[in-house]
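# Descriptive analysis of the structure
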Amino acid sequence: MHELTLAVEPRSKGVKAKDLLKVGKIPAVVYGPDVEPLNISLNKVDVVKHINHLSETTVITLTMKENNEKKEIHAFLKAVQRDRVNDAVMHLDFYVPAKGHKMEIHIPVNLIGKAKGVEKGGILDHIITNLPVEVLPKDIVDSIDVDVTHLDLGDALRVKDLPLPDGIKPLLDLEETIAVIETPRAALVETVEEVEEEEVEPEVIEKGKKEEEE
């Protein structure tokens with residue numbers, strides 16, 4: 001499981017987010033069923049350094065000093081607010097799950113290997129890249145890796161086919177398609193033409209017989 005530690009500072013409600021951003025700080029909030037909402041700020045350099053490597057499965061330890069004592073909060077990144085123009089991070093939401101209770105997150109689905117159907121010219125369509133699941137924090141995994149080398153043209157990988165570790169419950173129908181090997185369009189056209197030829201040929205023979213009888 002991917003883990004990360006970030007230093008944070010308490011933030012009073014009177015401090016405006018835009019003022020923090022001007023001095024290289026990122027405003028954020030920490031919340032959860034057993035936690036009073038807490039406004040904090042993080043160093044912008046730390047956020048920019050790690051933000052592209054964080055996901056809902058990353059366990060983040062937020063460290064801060066409160067009354068001259070070090071305090072740790074174990075949380076998960078729940079939301080990232082970005083600037084619409086330059087895509088800069090503007091605000092972060094951290095979620096602290098209740099102890100002993102499951103949480104709903106999305107776990108990345110990685111397709112491993114080159115499918116048999118792709119070797120034949122097919123196209124791999126990865127439909128669901130992140131699987132919504134219900135899981136205890138202790139059972140979270142970074143990703144769900146699936147070997148797809150056996151998939152042939154037209155074959156599909158469904159939720160029921162995923163090698164889910166114990167403790168992880170998918171929140172999608174088991175028949176939902178994760179990925180499919182699509183048949184190349186050219187091959188489909190050839191198949192249709194072959195079928196049409198098979199249908200037309202008997203008619204031509206039949207017509208020839210009638211002309212001979214006449």
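The coordinates are above.
Note that the structure is a prediction, hence the values are computed from the model and not measured.

## Remarks on the layout of surface pockets
- Taken as a whole, the largest pocket encloses approximately 270 Å³ of empty space.
- Around the largest pocket, the lining is made up of 12 residues, and of these His-74, Val-96, Pro-97, Lys-99 and Pro-137 lie nearest the centre.
- Residues belonging to the lining of the largest pocket are distributed by class as follows: 8 nonpolar, 1 polar and 3 charged.

## Quick word on the environment of Val-35
- Inspection of the secondary structure assignment puts Val-35 in strand S3 (residues 35-43).
- The exposure class of Val-35 is partly exposed, given its relative accessible area of 26%.
- Once the C-alpha coordinates of Val-35 and Ile-73 are considered, the two residues, 38 residues apart in sequence, prove to be 10.0 Å apart.

## A word on the pairing of S3
- Pairing analysis gives 3 bridges linking strand S1 (residues 3-10) to S3, with the strands arranged antiparallel. When the bridges of S3 are listed, Pro-10 appears paired with Ile-40.
- Where strand S2 (residues 25-32) lies against S3, 7 bridges are found, and the strand directions are antiparallel. The partner of Val-30 across the bridge, within S3, is Leu-38.
- What sits between S2 and S3 in their antiparallel hairpin is a turn of 2 residues.

## Some points on the packing of aromatic side chains
- If you walk through the whole model with that rule in mind, you get 1 aromatic pair.
- Between Tyr-31 and Tyr-95 the ring centres are 5.7 Å apart and the planes differ by 70 degrees, which places this aromatic pair in the edge-to-face class. One end of the pair, Tyr-31, is in strand S2; the other, Tyr-95, is in strand S6 (residues 89-95), and 64 residues separate them in sequence.
- For Tyr-31, a relative accessible area of 28% puts it in the partly exposed group.
- Over the ring of Tyr-95 we find Lys-78; its NZ or CZ atom is 5.5 Å from the centre of that ring.

## Notes on unusual backbone geometry
- Positive phi values are uncommon outside glycine, yet Asp-87 reaches one of about 65 degrees.
- Taking relative accessible area as the criterion, Asp-87 reaches 46% and is therefore assigned partly exposed.

## What to know about the pairing of S6
- In terms of burial, S6 is largely enclosed, as 6 of its 7 residues are buried.
- Taken together, the 4 bridges between S2 and S6 define a ladder with parallel strand orientation. Bridged to Val-29 within S6 is Asp-93.
- Looking at chain direction, strand S5 (residues 69-82) and S6 are connected through 6 bridges and run antiparallel. Pairing of Gln-81 across the sheet is with His-91, part of S6.
- Between S5 and the antiparallel strand that follows it, S6, lie 6 residues; Asp-87 among them carries a positive phi value of about 65 degrees.

## Overview of the sheet that holds S1
- Around the barrel, 6 strands lie side by side as S1-S3-S2-S6-S5-S4; this closed barrel has mixed pairing. Put simply, the sheet's adjacent strands are angled 45 degrees from each other on average, direction ignored.
- Taken together, the 7 bridges between strand S4 (residues 59-66) and S5 define a ladder with antiparallel strand orientation. Directly across from Thr-63, in S5, lies its bridge partner Glu-72.

## Digging into the side chain of Arg-11
- If you trace the backbone, Arg-11 turns up in the loop between S1 and helix H1 (17-22).
- Of the side chains bearing the opposite charge, Asp-93 lies closest to the buried Arg-11, which forms no salt bridge; the N-O distance is 7.9 Å.
- Looking at Arg-11, its side chain comes within polar contact range of the main-chain oxygen of Ile-40, at 2.9 Å.
- Once you skip the residues sitting within four places of it in the chain, Arg-11 turns out to touch Leu-20, Pro-27, Ala-28, Asn-39, Ile-40, Ser-41 and His-91.

## Things to note about the sheet that holds strand S12 (residues 169-170)
- With mixed pairing, the 4 strands of this open sheet are ordered in space as S10-S7-S9-S12. A single partner strand is all that each edge strand has here, and the edge strands are strand S10 (144-147) and S12.
- The pairing of strand S7 (residues 103-112) with strand S9 (residues 130-135) spans 6 bridges and is antiparallel. Each bridged residue has a counterpart across the sheet, and for His-106 the counterpart in S9 is Pro-132.

Scoring rules and cut-offs
- Residues numbered from 1 in each chain as written.
- Predicted model: local features only at pLDDT ≥ 70, side-chain atom pairs only at ≥ 80, totals over all residues.
- Heavy atoms only, no water.
- 1 Å grid on protein atoms, 1.4 Å probe; cavity = no way out; pocket = protein on both sides within 12 Å on 5 of 7 lines; lining within 4 Å.
- Points joined across faces, edges and corners; volume = space filled by probe spheres on them.
- Nonpolar A, V, L, I, M, F, W, Y, C, P; charged D, E, K, R; others polar.
- Helix = DSSP H or I, 4+ residues; strand = E, 2+ residues; numbered from the N terminus.
- Buried < 20%, exposed > 50% of the residue type's maximum accessible area, 1.4 Å probe, protein only.
- Pairing = 2+ DSSP bridges.
- Phe/Tyr/Trp six-rings, centres within 6.5 Å; stacked < 30°, edge-to-face > 60°.
- Lys NZ or Arg CZ within 6 Å of the ring centre and 35° of its normal.
- Axes fitted to C-alpha atoms, helices over the stretch in contact; angles between N-to-C directions.
- Lys, Arg positive; Asp, Glu negative; His and termini not counted.
- Salt bridge = Lys/Arg side-chain N within 4 Å of Asp/Glu carboxyl O.
- Polar contact = N/O pair within 3.5 Å; in protein donor to acceptor, adjacent residues only side chain to side chain.
- Contact = heavy atoms within 4.5 Å.

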